Amino acid sequence: MPQIWMTYDEFADLLETGAEQAYERGLEERLDCKISRDGQRRIKLNDALAGLFLDRNGAQRAPLDGAIDDLRNIHGLMTKYEEPAISQRRTVQRKFGGAW
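Note that the coordinates shown come from a computational prediction; the quantities given were computed from them, not determined experimentally.

K.L.:
When you look at the overall build of the protein in this model, what are you seeing that I'm missing?
P.N.:
Within the protein, the regular secondary structure consists of four helices and three strands. Element order for the protein, N to C, with α for helix and β for strand: β-α-α-β-β-α-α. A total of 100 residues make up the protein; the buried ones form 19% of that total. When the accessible surface of the protein is split by element, carbon and sulfur atoms take 49% of a total near 7900 Å².

Printed below as a string of structure tokens:
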């Protein structure tokens, strides 16, 4: 999920509420907060709120979700093929001694 930082006014618009309620929601959610170079105080949305932001702004999440699934599948395949290589290396080390 991308990092999305927004001012409390922008956050209030996202929540369709006032700035004070947005500030309180940020505290309740324990969102990260920082002062940007432009002097504005910004909060970082968590995954649920970032999803709300993307949904409200018409962002298509399906391609991103598909890419994440593809990466997980590739990681599983790499792990599957990495195990025998590690096992073979240990056998050779025991047989001939020394480290690689």
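K.L.:
What is the right way to look at unusual backbone geometry in this model?
P.N.:
Peptide bonds are trans in most cases, and residues, glycine excluded, mostly fall at negative phi. Its identity is not glycine, yet glutamate 16 carries a phi of approximately 55°, on the positive side. With respect to the element layout, glutamate 16 can be found in the loop between helix 1 (8-15) and helix 2 (19-29). Glutamate 16 gets classed as exposed once you look at its relative accessible area, which sits at 64%. Phi at arginine 30 is positive, roughly 55°, even though this residue is not glycine. Here arginine 30 shows up in the loop between helix 2 and strand 2 (33-35). By relative accessible area, arginine 30 is classed as exposed at 75%.

K.L.:
Is there a simple way to explain the packing of helix 1 against helix 3 (residues 47-56) in this structure?
P.N.:
A pair of packed helices can be characterised by two numbers: the angle between their axes and the separation between those axes. Running from N to C, helix 1 and helix 3 cross one another at 70°; their axes reach a closest spacing of 10 Å. As the angle between them shows, helix 1 and helix 3 are arranged roughly perpendicular. Seen from helix 1, the contacting residues are Phe11, Leu14 and Leu15; seen from helix 3, they are Leu49, Leu52, Phe53 and Arg56. Considering only residue class, the contact of helix 1 with helix 3 consists of six nonpolar, no polar and one charged.

Calculation rules
Each chain has its residues counted from 1, following the order in which its sequence is written. Reporting in this predicted model follows two pLDDT cut-offs: at least 70 for local features of residues, and 80 or more for side-chain atom pairs to be given and counted; totals over whole chains, interfaces and linings ignore these cut-offs and use all residues. As a rule here, side-chain values come from all non-hydrogen atoms in the structure, and water together with hydrogens is ignored. Numbering goes from the N terminus for both helices and strands, where a helix is a DSSP run of H or I of at least four residues and a strand is a run of E of at least two. When a residue's accessible area, from a 1.4 Å probe over protein chains only, is under 20% of the maximum for its type it is buried; when over 50% it is exposed; and in between it is partly exposed. Per-residue accessibility takes into account occlusion by the displayed protein chains alone, with areas from the Shrake-Rupley method and a 1.4 Å probe. What counts as an axis is a line fitted to C-alpha atoms, over the stretch in contact for a helix, and the angles between N-to-C directions run from 0 to 180 degrees. Note on angle classes: values under 35 degrees are labelled roughly parallel, values over 145 roughly antiparallel, values of 65 to 115 roughly perpendicular, and the remainder oblique. Whether two residues are in contact is decided by their heavy atoms: any pair within 4.5 Å suffices. All residues other than Ala, Val, Leu, Ile, Met, Phe, Trp, Tyr, Cys, Pro, Asp, Glu, Lys and Arg, Gly among them, are scored as polar; the first ten of these are nonpolar and the last four charged.

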